Amino acid sequence: MKPRSAAAIITHNSAGPISACLASALARCAEVLVIDNASEDGTPQMVARFAGVRLIANRSNRGFAAAVNQALAALDSECVLLLNPDAELLSEIDPLAEACREPGVAAAAGKLVDELGRPQVGFNVRSFPTPAALAFEALGFNRLLPSNPVNRRYRRLDLDPDRPAEVEQPAGAFLMLRRDVWRRLGGFDESFHPVFFEEVDFLRRAARHGYRVRYVPAAVARHRGGHSVMRLPPGHRQRYWYSNLLRYAEKHFGRGALVAVSAAVLVGVVARMGTSLFARERFEALAAHGKVIPLAAKFLVSGSSRAGAARSAAAGSVG
């Protein structure tokens, strides 16, 4: 009999949803490890109540990518399930492990449903972002016109959530990874700090090395969505998202595409700064958005992705 898989749960101010997540993981995983990124809401104390859960409490917020690397380095299981603290397993995860162990497979993802049991189409599985997709995201086109062809392809709105498939970019909220592939690729890129685009980057690198990713709807988890992200200080969410979007474009796109995405980010940030004038915490939001402008301007003027290429090549082996 093959060994059961481990679960790695990264927390940051996750006391609210963590109990349901841990109870479901303990019932279905051989080992459950929580990496807590300096929570201030009692999350570590809540986790400590669960016998059988291993806790590593970081003194600072190392970011999602670094915490994932920390977790996979601390575990011995062949396959490790990344599970968000606001996700609750509703099924066994054996189908994910079986898919993940197939030759040439780097990762496998299950089906995410909301609190009413509806598949989280558009979030659960996406295609790798193209320059057009990121430009449309930055400008808000995909939110205003969700049925546009760029968004339909990016968010895989054509995907049947009840049929297995080979996919490109499942959400990291419910994603099983092969540890040997993680190690071979040098782990998650920790420059995507503290959150956003880290799993997209990892899966894109896996695809470039010839690995496949499976979507297995027989494995199901209920996902509330955005718990930790929504707890970020005012304006910081957009700052981190824009900044890491630019880092992703720098690393994976050519000169012309990087310039186009940077221009779209500049326009999008300025537009959001305008709407921030009417926000309740407008000064914090304006300051956070303002910090994105120099980064976007640098890439717009230089049009260079050499730094990203160097960072990609320098992603050394992990513990």
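Look up: the structure comes first, before these words.
Computed from a prediction, not measured in an experiment: that's the story for all the values here.

Draft legend 1. Focus on the pairing of strand S6 (residues 105-113). Of all 9 residues that make up S6, 9 are buried, and the element is covered over most of its length. Relative to strand S11 (residues 212-223), S6 runs parallel, the two sharing 7 bridges. Note that in S11 the partner of Val105 across the bridge is Arg212. Note: S6 against strand S10 (residues 174-178), 3 bridges, orientation antiparallel. Along S10, the bridge assignment pairs Ala108 with Met176.

Draft legend 2. A look at the environment of Ala97. Checked against the element boundaries, Ala97 lands in helix H4 (residues 94-100). Judged by its relative accessible area of 4%, Ala97 is buried. In sequence terms Ala97 and Arg4 are 93 residues apart; their C-alpha atoms lie 8.0 Å from each other. In this structure, Ala97 is in contact with Ser5, Cys79 and Met176, ignoring residues within four places of it in sequence.

Draft legend 3. The environment of Phe141, seen in detail. In this fold, Phe141 is placed in helix H6 (residues 141-144). Judged by relative accessible area, which is 35%, Phe141 ranks as partly exposed. The sequence separation of Phe141 and Asn151 amounts to 10 residues, and the corresponding C-alpha distance is 8.7 Å. Beyond its immediate sequence surroundings of up to four residues, Phe141 is in contact with Phe136, Pro146 and Asn148.

Draft legend 4. Structural context of helix H1 (residues 18-26). Within H1 the residues assigned to the buried category are Ile18, Cys21, Leu22, Ser24 and Ala25. Projected down its long axis, H1 carries its buried residues within an arc of 165°, all on one side. The inward-facing, buried residues of H1 contact strand S1 (6-11), strand S2 (31-37), helix H2 (43-48), strand S3 (53-58), strand S4 (79-83) and strand S5 (87-89).

Draft legend 5. Quick peek at the pairing of S3. Bridge count between S2 and S3: 6 bridges; the pairing is parallel. Bridge pairing in S3 places Val32 opposite Val53. Running through H2, the crossover from S2 to the neighbouring parallel element S3 is right-handed.

Draft legend 6. Structural detail: helix H5 (residues 131-139). Restricting attention to buried positions, one finds in H5 the residues Ala133, Leu134, Ala135, Glu137 and Ala138. Looking one or two residues past H5, Gly140 carries a phi angle of roughly 85°, positive in sign.

Draft legend 7. Local environment of the environment of Val150. Looking at the secondary structure, you find Val150 in helix H7 (residues 149-154). When its relative accessible area of 22% is taken as the criterion, Val150 is described as partly exposed. For Val150 and Phe136, which are 14 residues apart along the polypeptide, the C-alpha to C-alpha distance reads 7.9 Å. With near-sequence residues (within four places) excluded, Val150 lies in contact with Ala132, Ala133 and Phe136.

So, how was this worked out
Residues numbered from 1 in each chain as written. Predicted model: local features only at pLDDT ≥ 70, side-chain atom pairs only at ≥ 80, totals over all residues. Heavy atoms only, no water. Buried < 20%, exposed > 50% of the residue type's maximum accessible area, 1.4 Å probe, protein only. Helix = DSSP H or I, 4+ residues; strand = E, 2+ residues; numbered from the N terminus. Pairing = 2+ DSSP bridges. Contact = heavy atoms within 4.5 Å. Arc of directions from axis to C-beta. Right-handed = clockwise from strand over helix to strand, strands pointing away.

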